[in-house]
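Structural description and commentary
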Amino acid sequence: MRNPLRWPSHIQILVALISGAAVGPLLAGEQGLIGPALGEGLAQVGQLFLSALKMLVIPLIMASIIAGLNQEGSRSPLGRMGWTTLVFYIATGLIAVTVAIVLANWIRPGELNGVPLAAQIGLQTLPGDLDPTLLSGQQHIALFLQRLVPSNLVEAAVEGQLLGLILFSLLFGLALRRLHGAAAETQVRFWTGLNQVMLAITDGIMRLAPVGIFALIAAMTARTGFSAAGPLLWFMATVMAGLLIHLMVTLPLLLRWIARVPPRRHFQAMMPALLMAFSTSSSAATLPVTMDCLERRAGVSRRTAGFVLPLGATVNMDGTALFECVVVLFVAQLYGIDLTLAQQALVLAVALLTSFGVAGIPSASLVSIAMILSVLGLPLEALGLVLGVDRILDMSRTAVNVFGDTVGAVVVARLEGEQEILIESPDVREHRLREQGD
Ligand code: ASP
């Protein structure tokens, strides 16, 4: 057998993931075989790994956007790329939420043989009158705009609100495009160099990924185990089915039809990012890896990756939007409330809108869901139930969120006329670039 240290990185990560899941339950609780202290230690190792990646996010977002906008030969008009990105993100989000509504209505996970499950699973609150109001939609837009233009950039970034940082970097990059002469050249070199340095550090941290991911997953399964989710199984199945359709059908079809690249190869190229998103439940923490995969393994230009990805990691969350819809319809069904078509359309719109503002961190969407439930006058009590099984769903929807961003980047790159994408095997390409010291 080949030395495991020489296995391709995604295989190493996969092995770490599976063995972490197998070892975790052995550490669980009082009767744990090895004892809680080790579990604690593993949790800290996992956390350290996660922090090391997150540490790169702020400089990486700035450098990739600014350098991307100012690449050699990229000073052509940007408007079209911006519009394509926006249209793609909104369109795929809409498809995701539509799939969610159809599945939730078809499977009806909140009922058993047509009887609402609320009483059976111990939920007591009776819902008040339904009071859907469009006001919240407006409030949402206002909140989104406030985040987009924060009065204090540093404060917003410290709080993990990356939208302001993205807008600032876009403005910076665009202003730089209009400058000429030595000052402009120095700036462009600086940001391009910074971008390369960030990716080089990402590479270094990724060498530790198997250890970090083993620790993260072992600590997580030690805490939560694999307790049967009982009545929530159908709910979980509905979410998973929706995510799978998006991941395996919708996005690959777009890759084939619009980008004209083989979806299999794209999956292969993105595997490290997908596994990373699955293990960390955070699209923001995964961003450095996603960027690396897209540039080195898939061959998307720095200009496109630098523009489309940071935006996607922050606003494009197809998996999250889909999940939000299923949860809201599930809760309504639990209480035997039939949402009218208009109300379901409202759920669809608000889910899409709120998913733009959800931060790329674990369980971030639960806050938005609480908001949608209160807009509809549905009790929040059931959210506790969802929270109990959220981890695995969060892992899965984050992987879909990240995959959606990468498909967006490939589609935009192809529509911008890039020819070098996925023309060779990702492993070969990565190896070649490494040999060349790029
Ligand atoms: N964990 C998700 C992400 O980072 C956000 C969420 O749906 O909670 O993409």
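This is a predicted model, so every value here is computed, not measured.

For the rest of this paragraph, the subject is empty space enclosed by the protein. In the structure shown here, the tally under the stated rule is one cavity of 30 Å³ or more. In this structure, the largest cavity occupies an estimated 70 Å³ of space. Looking at the largest cavity, it is lined by 16 residues, and the ones nearest its centre are Thr320, Ala359, Ile361, Asp394 and Asn401.

What follows covers the layout of surface pockets. Taken as a whole, the second largest pocket holds about 510 Å³ of empty space. Considering the residues around the second largest pocket, the lining is formed by 20 residues, among which Gly82, Leu86, Leu170, Phe307 and Leu311 are closest to the centre. Mapped onto the lining of the second largest pocket, the elements with two or more residues apiece are α4 (79–107), α5 (135–148), α7 (163–178) and α13 (302–315). In terms of residue count, the dominant contributor to the lining of the second largest pocket is α4 (seven residues). Split into classes, the residues belonging to the lining of the second largest pocket amount to 17 nonpolar, three polar and no charged.

In this structure, Thr320 sits in helix α14 (residues 318–334). By relative accessible area, which is 3% here, Thr320 ends up buried. Dropping the residues within four chain positions of it, Thr320 is found in contact with Ser355, Val358, Ser365, Arg397 and Asn401.

Turning our eyes to something else, we now look at a nonpolar patch on the surface. Together, Leu244, Ile245, Met248, Val249, Leu253, Trp257, Ile258 and Leu415 make up a nonpolar patch on the protein surface, roughly 730 Å² of accessible area in all. With seven residues, the single largest contributor to the nonpolar patch is helix α10 (residues 233–259). By the element assignment, Leu415 lies in helix α18 (residues 390–415). Taking the relative accessible area as the measure of exposure, Leu415 reaches 41% and is therefore partly exposed.

Another point: the nonpolar core. Phe235, Leu294 and Phe323 are the most contacted members of the largest nonpolar core, which has 126 residues in total. Residues within four places of Phe235 in sequence aside, it is in contact with Pro109, Phe323, Val326, Val327, Phe330, Val386, Val389 and Leu393. Ranked by size, the runner-up nonpolar core spans six residues in total, among them Leu42, Ala215, Ala218 and Ala219.

What follows covers the packing of helix α3 (residues 57–69) against α13. Packing of α3 against α13 leaves a shortest axis separation of 7 Å and a crossing angle of 135 degrees. The orientation of α3 with respect to α13, classified from their angle, is oblique. In this structure, α3 meets α13 at a crossing whose hand is left-handed. Together, Ile61, Ser64, Ile65, Gly68 and Leu69 of α3 and Arg302, Arg303, Gly306, Phe307 and Pro310 of α13 make up the contact between the two elements. In terms of residue class, the contact of α3 with α13 is made up of five nonpolar, three polar and two charged.

Turning our attention to the site of the ligand. With respect to spatial proximity, 17 residues lie near the ligand, and among them Ser283, Thr320, Asp394, Arg397 and Asn401 are the closest. Between a nitrogen atom of the ligand and a side-chain N or O atom of Thr398, the distance comes to 3.1 Å. Assessed atom by atom at 2 Å from the grid points, the ligand resides in the largest cavity. For the shell around the ligand, the element with the highest residue contribution is α18, accounting for four residues. Here the shell around the ligand is composed, by residue class, of six nonpolar, nine polar and two charged.

When two helices pack together, you describe them by how their axes are tilted relative to each other and by the distance separating the axes. Where helix α12 (residues 283–297) contacts α13, the two axes come as close as 10 Å, and the packing angle between them is 160 degrees. By the criterion of interaxial angle, the relationship of α12 to α13 is roughly antiparallel. Handedness of the α12/α13 crossing: right-handed. Contact residues: α12 offers Ser283, Leu287, Thr290, Met291, Leu294 and Glu295, while α13 offers Arg302, Ala305, Gly306, Leu309, Pro310 and Ala313. Across the contact of α12 with α13, the residue classes tally to seven nonpolar, three polar and two charged.

Tracing the sequence through the fold places Gly212 in helix α9 (residues 209–224). Judged by its relative accessible area of 2%, Gly212 is buried. In this view, Gly212 contacts Gly46 and Phe49; residues no more than four positions away in its chain are not counted.

On to the packing of aromatic side chains. Applying the stated criterion to the full structure yields seven aromatic pairs. With a centroid separation of 6.3 Å and an interplanar angle of 65 degrees, the aromatic rings of Phe88 and Tyr89 are classed as edge-to-face. Relative accessible area serves as the criterion here: at 3%, Tyr89 is assigned to the buried category. Each member of the aromatic cluster is reached from another via a ring pair, and the members are Phe168, Phe172, Phe190 and Trp191. In this structure, Arg397 is placed above the aromatic ring of Phe323, and the distance from its NZ or CZ to the ring centre is 4.0 Å.

Take α12 next. If you look at α12, its biggest bend is around 35 degrees, right at Val289. Downstream of α12 by a residue or two, Gly299 has a phi angle that is positive, lying close to 85 degrees.

Across all of its chains, the model carries 11 salt bridges by this definition. Here Asp427 ties to Arg297 by a salt bridge, and the two come within 3.0 Å at their closest N and O atoms. Highlighted residues: Asp427 in helix α19 (residues 426–435) and Arg297 in helix α12, separated in sequence by 130 residues. For Asp427, a relative accessible area of 28% translates into the label partly exposed. Taking relative accessible area as the criterion, Arg297 reaches 2% and is therefore assigned buried. Glu416 serves as the salt-bridge partner of Arg303, at 3.3 Å between the closest nitrogen and oxygen. Of this pair, Arg303 sits in helix α13 while Glu416 sits in the loop between α18 and α19; the two residues are 113 residues apart in sequence, bridging distant segments of the chain. Salt bridges sharing common partners tie together Arg108, Glu111 and Asp338.

Definitions and limits used
Residues numbered from 1 in each chain as written. Predicted model: local features only at pLDDT ≥ 70, side-chain atom pairs only at ≥ 80, totals over all residues. Heavy atoms only, no water. 1 Å grid on protein atoms, 1.4 Å probe; cavity = no way out; pocket = protein on both sides within 12 Å on 5 of 7 lines; lining within 4 Å. Points joined across faces, edges and corners; volume = space filled by probe spheres on them. Helix = DSSP H or I, 4+ residues; strand = E, 2+ residues; numbered from the N terminus. Nonpolar A, V, L, I, M, F, W, Y, C, P; charged D, E, K, R; others polar. Buried < 20%, exposed > 50% of the residue type's maximum accessible area, 1.4 Å probe, protein only. Contact = heavy atoms within 4.5 Å. Patch = residues over 30% accessible without salt bridge, like charges linked within 9 Å, V, L, I, M, F, W, Y side chains within 5 Å. Areas by Shrake-Rupley, 256 points an atom, 1.4 Å probe, with all protein chains shown as cover. Salt bridge = Lys/Arg side-chain N within 4 Å of Asp/Glu carboxyl O. Core = buried A, V, L, I, M, F, W, Y, C linked by side-chain atoms within 4.5 Å. Axes fitted to C-alpha atoms, helices over the stretch in contact; angles between N-to-C directions. Parallel < 35°, antiparallel > 145°, perpendicular 65-115°, else oblique. Left-handed = near helix turned anticlockwise from the far one by under 90°. Near = heavy atom within 4 Å. Polar contact = N/O pair within 3.5 Å; in protein donor to acceptor, adjacent residues only side chain to side chain. Sits in = over half its atoms within 2 Å of the grid points. Phe/Tyr/Trp six-rings, centres within 6.5 Å; stacked < 30°, edge-to-face > 60°. Lys NZ or Arg CZ within 6 Å of the ring centre and 35° of its normal. Bend = angle between axes of the 7 residues up to and from the residue.

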